[in-house]
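Read off the chains here:
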Amino acid sequence: MIPISICIITKNEEKFLGNCLQAIKKSLEVPIGCMPIPHEIIVTDTGSTDNTRNIALQYADKVVDFKWINDFSAARNFCISHASHEYILNIDSDEYITEADWYHIDELLQAYPDYIGNIRLDNDQIVNEARTFFSSRLERFFPRNCYHFVNKVHEQIRPLPHYIESVHPGATPQEIDCFIKDHTIALPLAARHVGYLGDEAYLRAKCERDLVLLLEELSQNPANAYNLFQVGQCYHMLDEDDKAIQFYEKALLFDLNPELDYVKVLVETYGYCLLHLGRYEEALGLEAVYDDFATTADFVILMGLIYANNKLYIKALAEFVKALSFSDSETFVQSSNKQTAHYNIGYIYEVFGEKEMAIQQYKLCGEYPIALARLKELT
């Protein structure tokens, strides 16, 4: 089997790191008589002042120190430089591997030696007072002689200059985006991310830290749609949608590939910002890109909300019903989309005066808090 190096950068993550490393070790266990998974674990500590480093020493094959320079990519690339093997898997301290078919992964590496592998990340979060999660696939696995990390924050895997020049001479940034998409395969590997479950002060501090780094990077490269999107995301999470929308609109001026996950999130979050700001008629403009983005329940639900806020209830009802037809693989917010759809169908039935039908829909929402509140009111 092809050996892999599992790389982690961390700082003051004592509450997460032990569970992260235990989950990695557990995923690598194989039945007696089966071929072991050749691997190493490398942890790079960027300046912890708690017990993080001692925890790392209990599990990792290598623990190395990196002086923090406000650059996550630099820290990740430093960690990779200490790897003994060609193939790199990056995991964060607040992520726990939940599924891994290492033998199938090895087959894919043999078949696609210079490809990037993405993993499924299930992100725990709180939506409308209910705990749920949204899933996405993120590029985390690659051969180190072909790729590295770029961007000071919200890092991306990109081809090394010598490699992209050898396979696609003179490629533009947009062409590199397409190259990455065409050279990425889905790995049978999943992890749970719990970093979004911190208290409000923790999440706010994290956003403010990221925002400083993003604005600094954007000042050096203003024509970067991905960074514009990430700045918008920071302002959105800080509840400053009036600022967020300015950066989303700048990003949307670029010729973007609607198949890229970040572009889907960009368009959807832009739509929600318009709703939050009361710009309902303007939000109807997303009808122009419906065919490009109505491939997930997330966008369809957004369009339903846009129609509902414009009092186009029949159109809204059709979108919420359509959202119920999507499978989990066709959506990001897996466990709450069906609740959201049923809740809004119930709301529209209330608008039409159909109380009993509304109650039926609210009951289908399970423990969804806002649906429970409506049931209490109606019954």
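Everything here concerns the structure above.
Note that the coordinates shown come from a computational prediction; the quantities given were computed from them, not determined experimentally.

## Structural notes on the overall build of the chain
A count of helices and strands for the chain gives 17 helices and 10 strands. For 379 residues, the compact-globule estimate of 2.2 N^0.38 gives 21 Å, and the chain sits close to it at 22 Å. Its C-alpha atoms give the chain principal-axis dimensions of about 65 × 50 × 45 Å. Residue burial in the chain is summarised as follows: out of 379 residues, 51% are buried. When the accessible area of the chain is evaluated, it comes to approximately 17900 Å², of which 52% is carbon and sulfur surface.

## Looking at the pairing of strand β1 (residues 4-10)
The element β1 is largely enclosed, with a buried count of 7 among its 7 residues. Neither face of β1 is exposed, since Ile4, Ile6, Ile8 and Thr10 on one face and Ser5, Cys7 and Ile9 on the opposite face are all buried. The sheet contact formed by β1 and strand β2 (residues 39-45) spans 7 bridges and is parallel. Directly across from Ile8, in β2, lies its bridge partner Val43. You can see the chain leave β1, run along helix α1 (residues 14-27) and come back into β2, and the turn it takes is right-handed. Direction of pairing for β1 relative to strand β4 (residues 87-90): parallel, over a ladder of 4 bridges. Bridging across to β4, Ile6 finds its partner in Leu89.

## Regarding the packing of aromatic side chains
Given two aromatic rings, one states the distance between the centres and the angle between the planes to describe the pair. Counted according to the given criterion, the structure contains 16 aromatic pairs. Here Phe66 and Phe78 contribute two aromatic rings whose centre-to-centre distance is 5.0 Å and whose plane-to-plane angle is 45°, an arrangement assigned as tilted. You can see Phe66 sitting in the loop between β3 (62-65) and α3 (72-81) and its partner Phe78 sitting in helix α3, a full 12 residues away along the chain. Overall, the relative accessible area of 13% leaves Phe66 in the buried class. Residue Phe78 is classed as partly exposed on the basis of its relative accessible area, which comes to 24%. Here Phe142 and Phe149 contribute two aromatic rings whose centre-to-centre distance is 5.7 Å and whose plane-to-plane angle is 75°, an arrangement assigned as edge-to-face. Overall, the relative accessible area of 6% leaves Phe149 in the buried class. Following the ring pairs from residue to residue traces out a cluster consisting of Phe142, Tyr147, Phe149, Tyr163 and Phe179. The ring of Phe149 is capped by Arg76, whose NZ or CZ atom sits 5.6 Å from the centre of that ring.

## Some remarks on the pattern of salt bridges
For the structure shown, the criterion picks out 17 salt bridges. For Lys152, the salt bridge identified is with Glu216, shortest N-O distance 2.5 Å. Of this pair, Lys152 sits in the loop between β8 (147-150) and β9 (156-159) while Glu216 sits in helix α7 (residues 200-220); the two residues are 64 residues apart in sequence, bridging distant segments of the chain. Assessed through its relative accessible area of 15%, Lys152 is described here as buried. In this structure, Glu240 and Lys243 form a salt bridge, with 3.2 Å as the shortest nitrogen-oxygen distance. Taken together, the salt bridges that share partners define one network made up of Arg76, Asp92, Glu95, Arg140 and Glu155.

## Side note on helix α10 (residues 261-276)
Given 3.6 residues to a turn, an α-helix orients residues that are three or four positions apart in the same direction. In a regular helix each residue adds 1.5 Å, so 16 residues correspond to 22 Å; α10 covers 23 Å between its end C-alpha atoms and thus fits that length. Of all 16 residues making up α10, 12 are buried, and the element is well covered by its neighbours. Three or more residues of α10 are buried, namely Tyr262, Val263, Lys264, Leu266, Val267, Glu268, Thr269, Tyr270, Gly271, Cys273, Leu274 and Leu275. Contact partners of the buried residues in α10: α8 (225-237), α9 (241-252), α11 (280-283), α12 (290-293) and α13 (297-309).

## Details of the pairing of β2
For a regular strand, side-chain orientation follows a simple rule: the groups alternate between the two sheet faces. Extensive coverage of β2 is indicated by the burial of 6 of its 7 residues. Sheet analysis places β2 next to β3, joined by 4 bridges and oriented parallel. Looking across to β3, one finds that Thr44 is bridged to Val64. Note on the crossover from β2 through helix α2 (residues 52-59) to β3: the handedness is right-handed.

## Considerations on the layout of surface pockets
In this structure, the second largest pocket occupies an estimated 600 Å³ of space. Lining of the second largest pocket is provided by 25 residues; of these, Arg158, Pro173, Gln174, Asp177 and Asn224 occupy positions nearest its centre. Here the lining of the second largest pocket takes 5 residues from helix α6 (residues 173-182), the largest share from any one element. Taken together, the residues of the lining of the second largest pocket break down into 13 nonpolar, 8 polar and 4 charged.

## Concerning α6
All buried positions along α6 are accounted for by Ile176, Phe179 and Ile180. Projection of α6 onto a plane perpendicular to its axis shows the buried side chains occupying an angular sector of 100°, all on one side.

## Thoughts on the nonpolar core
Ranked by internal contacts, the top residues of the largest apolar core, which has 86 residues, are Phe142, Tyr147, Tyr262, Phe299 and Ile306. Element by element, the count of residues in this core is highest for α13, at 10 residues. If sequence neighbours within four positions are ignored, Ile306 has contacts with Leu275, Tyr280, Ala283, Leu284 and Leu286.

## Examining unusual backbone geometry
With a phi angle near 50°, His154 is a residue other than glycine that sits in the positive phi range. By relative accessible area, which is 26% here, His154 ends up partly exposed. Phi at Asp239 takes a positive value of approximately 60°, unusual for a residue other than glycine. If you trace the backbone, Asp239 turns up in the loop between α8 and α9.

About the criteria used
- Residues numbered from 1 in each chain as written.
- Predicted model: local features only at pLDDT ≥ 70, side-chain atom pairs only at ≥ 80, totals over all residues.
- Heavy atoms only, no water.
- Helix = DSSP H or I, 4+ residues; strand = E, 2+ residues; numbered from the N terminus.
- Rg over C-alpha atoms; globule rule 2.2 N^0.38 Å.
- Buried < 20%, exposed > 50% of the residue type's maximum accessible area, 1.4 Å probe, protein only.
- Areas by Shrake-Rupley, 256 points an atom, 1.4 Å probe, with all protein chains shown as cover.
- Pairing = 2+ DSSP bridges.
- Right-handed = clockwise from strand over helix to strand, strands pointing away.
- Phe/Tyr/Trp six-rings, centres within 6.5 Å; stacked < 30°, edge-to-face > 60°.
- Lys NZ or Arg CZ within 6 Å of the ring centre and 35° of its normal.
- Salt bridge = Lys/Arg side-chain N within 4 Å of Asp/Glu carboxyl O.
- Expected span 1.5 Å × (residues − 1).
- Contact = heavy atoms within 4.5 Å.
- 1 Å grid on protein atoms, 1.4 Å probe; cavity = no way out; pocket = protein on both sides within 12 Å on 5 of 7 lines; lining within 4 Å.
- Points joined across faces, edges and corners; volume = space filled by probe spheres on them.
- Nonpolar A, V, L, I, M, F, W, Y, C, P; charged D, E, K, R; others polar.
- Arc of directions from axis to C-beta.
- Core = buried A, V, L, I, M, F, W, Y, C linked by side-chain atoms within 4.5 Å.

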